[in-house]
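# Working through the structure, step by step
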Amino acid sequence: MSDDDHNGQDGFEHELPESLLPYDDWVEDAYREVMLRAIEHVAAEGLPGAHHFYLTFRTNRPDVIIPARLRAQYPEEMTIVLQHQFWDLALDRDKNVISVGLSFGGVGSILCIPVNAITAFADPHIRMALRFNHSPLEDDEDIEIPEGAVEPDDIDPAHHPDVQPEPSSSEDGKKDAEVVSLAAFRKRPPS
């Protein structure tokens, strides 16, 4: 948008009128569809190259199905990483639910996450992030990857905030869930 779109003919800034059309809802619906198409693609084809996803979702909703110990540890919101260490990723469009198998502390679980419980989606490989249920971003505002990620047991994020652990496999051949610090992708103040 040019400065002329926000400035009146007198050169002073004027507030834009409130929209009578639900543009914010339409934009959020379009962003969610981008996320869903990416998940469907990966469920069918696998993750290409270095692509991987961060999914942040509300854990305090009764329709979110996760192990009780995770809900107790993350009572409001949780971020999971889908990279090397997941299985059975699926999207049920009729129920509007994403399900995925992950292992936390060596214990495999299937998580069922309603699409409308997801608050953020990111593919750090291309530094793309979408945030849901928030006011629209201003043109010059960067999207921040949500905080509150589950940290891995084998990496101390205080000493290595930008390190991503190597994938490891559990005894049954399934890979443990990779959960990492998001510090490398958070908005940083200008230098």
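Further up the page is the structure itself.
Residues numbered from 1 in each chain as written. Predicted model: local features only at pLDDT ≥ 70, side-chain atom pairs only at ≥ 80, totals over all residues. Heavy atoms only, no water.

## So, the overall build of the protein
When helices and strands are tallied, the protein shows 3 helices and 7 strands. Secondary structure of the protein in N-to-C order comes out as α-α-β-α-β-β-β-β-β-β. Here the protein holds 191 residues, and 36% of them are scored as buried. Put simply, 56% of the contacts in the protein that link residues at least 6 apart link residues at least 24 apart. Carbon and sulfur atoms make up 49% of the accessible area of the protein, which amounts to about 11900 Å² in all. (Helix = DSSP H or I, 4+ residues; strand = E, 2+ residues; numbered from the N terminus. Buried < 20%, exposed > 50% of the residue type's maximum accessible area, 1.4 Å probe, protein only. Contact = heavy atoms within 4.5 Å. Areas by Shrake-Rupley, 256 points an atom, 1.4 Å probe, with all protein chains shown as cover.)

## What to know about the packing of aromatic side chains
Under the definition given, this model contains 2 aromatic pairs. Centroid distance Tyr-23 to Trp-26: 5.4 Å. Interplanar angle 90°. Geometry classified as edge-to-face. Taken together, the residues Tyr-23 and Trp-26, both in helix H2 (residues 23-45) and 3 residues apart, mark about one turn of the helix. Note on Phe-53 and Phe-121: the rings are 4.9 Å apart at their centroids and 55° apart in plane angle, and the pair reads as tilted. Highlighted residues: Phe-53 in strand S1 (residues 53-58) and Phe-121 in strand S6 (residues 118-123), separated in sequence by 68 residues. As far as the burial class goes, Phe-53 and Phe-121 line up, both buried. Stacked on the ring of Phe-132, the Lys or Arg Arg-32 has its end atom at 4.3 Å from the ring centre. (Phe/Tyr/Trp six-rings, centres within 6.5 Å; stacked < 30°, edge-to-face > 60°. Lys NZ or Arg CZ within 6 Å of the ring centre and 35° of its normal.)

## Observations regarding the sheet that holds strand S5 (residues 107-114)
Strands sit in the order S3-S4-S5 across an open sheet of 3 strands; the sheet is antiparallel. The open sheet has two edge strands, strand S3 (87-92) and S5, and neither has a second partner. Ignoring strand direction, the axes of neighbouring strands in this sheet form an average angle of 20°. With 8 bridges joining them, strand S4 (residues 97-104) and S5 adopt antiparallel strand pairing. Within S5, the residue paired with Gly-101 across the bridge is Ile-110. The sheet strands contacting H2 are S3 and S4, and the helix crosses S3 at an angle near 140°. (Pairing = 2+ DSSP bridges. Axes fitted to C-alpha atoms, helices over the stretch in contact; angles between N-to-C directions.)

## What about the nonpolar core?
In this structure, Met-35, Ile-39, Phe-57, Ile-80, Leu-82 and Leu-111 are the most contacted members of the largest nonpolar core, which totals 29 residues. Contributions of two or more residues to this core are made by H2, S1, strand S2 (77-82), S3, S4, S5 and S6. Among residues more than four places away in sequence, those in contact with Met-35 are Leu-55, Val-115, Ile-118, Phe-121 and Phe-132. (Core = buried A, V, L, I, M, F, W, Y, C linked by side-chain atoms within 4.5 Å.)

None of the figures reported here should be taken as evidence of function without further support.
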